[in-house]
Amino acid sequence: MAETLHIPQTDNRQAIYDSLIPQIEALITGETDLVANLANVAAALREAFGFFWVGFYLTKENQLVLGPFQGPIACTRIAFNKGVCGAAYTRRETILVPDVEAFPGHIACSSASKSEVVVPILNQAGDVAMVLDVDSDKLDDFSDVDVLGLEAVARLITASM
């Protein structure tokens, strides 16, 4: 894979996901190191969309532990039943939050985060291995287009594990 992404110059997120997802697939196919793959996926998503924060929390020691990410420093450990990440892990479903202040139990790793989408990523056995956490510094910045695009990225990661 080339060292640069080819991202359409548009505000149309669907067009960006349509271009980005095959590039992410090419980037991680054949690479067996999970940390390397997660780091590149986080970088690709942040570069393509300019999201405030993009990263992974991995299931370790009966909690979610910070993994590769792009953006400002973040919470290091999150309990399975805390915040948006913990809720996505526990419910085993993607959670889209238009206003993080309105989400009961939201963990404010950064006061600049205003909206969030978290996608659980399953391992080959079907267990939640990690979550993909994407934050914006804008209210109501995510839509179903983002949910579907990020879920497609999650499936690529599952296939690479």
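Residues numbered from 1 in each chain as written. Predicted model: local features only at pLDDT ≥ 70, side-chain atom pairs only at ≥ 80, totals over all residues. Heavy atoms only, no water.

Student: So what exactly am I meant to see when it comes to the overall build of the protein here?
Tutor: Counting its regular elements, the protein contains four helices and six strands. Walking the protein from its N terminus toward its C terminus, one meets helices and strands in the order α-α-β-β-β-α-β-β-β-α. A globule of 161 residues ought to have a C-alpha radius of gyration of about 15 Å, and the protein, at 15 Å, matches this closely. Projecting the C-alpha coordinates of the protein onto the three principal axes gives extents of approximately 40 × 35 × 25 Å. Across the 161 residues that make up the protein, the buried fraction comes to 47%. Counting every atom, the protein has about 7900 Å² of accessible surface; 50% of that belongs to carbon and sulfur. Averaged over its 10 positive side-chain charges, the protein has a centre that lies 7 Å from the centre of its 21 negative ones. (Helix = DSSP H or I, 4+ residues; strand = E, 2+ residues; numbered from the N terminus. Rg over C-alpha atoms; globule rule 2.2 N^0.38 Å. Buried < 20%, exposed > 50% of the residue type's maximum accessible area, 1.4 Å probe, protein only. Areas by Shrake-Rupley, 256 points an atom, 1.4 Å probe, with all protein chains shown as cover. Lys, Arg positive; Asp, Glu negative; His and termini not counted. Charge placed at Lys NZ, Arg CZ, Asp CG, Glu CD.)

Student: Hey, could you run me through the packing of aromatic side chains in this one?
Tutor: The geometry of an aromatic ring pair is captured by the separation of the ring centres together with the interplanar angle, meaning the angle of the planes. With the rule as written, the count across this model stands at six aromatic pairs. Between Phe-49 and Phe-51 the ring centres are 4.9 Å apart and the planes differ by 15°, which places this aromatic pair in the stacked class. Relative to Phe-142, the ring of Phe-51 has its centre 5.4 Å away and its plane inclined at 50°; by these criteria the two rings are tilted. Placement of the pair is Phe-51 in the loop between helix H2 (34–49) and strand E1 (53–60) and Phe-142 in the loop between strand E6 (128–136) and helix H4 (144–160), with a sequence separation of 91 residues. (Phe/Tyr/Trp six-rings, centres within 6.5 Å; stacked < 30°, edge-to-face > 60°.)

Student: Explain the side chain of Asp-146 to me, please; I cannot follow it from the model alone.
Tutor: Among the secondary structure elements, Asp-146 is positioned in helix H4. A polar atom in the side chain of Asp-146 sits 2.9 Å from the side chain of Arg-13. Ignoring sequence-local partners within four residues, the contact set of Asp-146 consists of Arg-13, Tyr-17, Phe-51 and Asp-141. (Polar contact = N/O pair within 3.5 Å; in protein donor to acceptor, adjacent residues only side chain to side chain. Contact = heavy atoms within 4.5 Å.)

Student: What is the right way to read the sheet that holds E1 from this model?
Tutor: Each strand in a sheet pairs with another by means of backbone hydrogen bonds, the pair being arranged parallel or else antiparallel. Strand order in the open sheet made by the six strands is E3-E2-E1-E6-E5-E4, with antiparallel pairing throughout. Taken across any chain shown, the strands that pair with only one partner, and hence form the sheet edges, are strand E3 (77–78) and strand E4 (95–97). Here E4 runs beside strand E5 (residues 115–122); their pairing, made up of three bridges, is antiparallel. When the bridges of E5 are listed, Ile-95 appears paired with Val-118. Sheet strands in contact with H2 are E1, strand E2 (63–70) and E6, and its direction is about 155° off that of E1. Here H4 sits on the sheet and contacts E1, E4, E5 and E6; the angle it forms with E5, its principal contact strand, is near 30°. (Pairing = 2+ DSSP bridges. Axes fitted to C-alpha atoms, helices over the stretch in contact; angles between N-to-C directions.)

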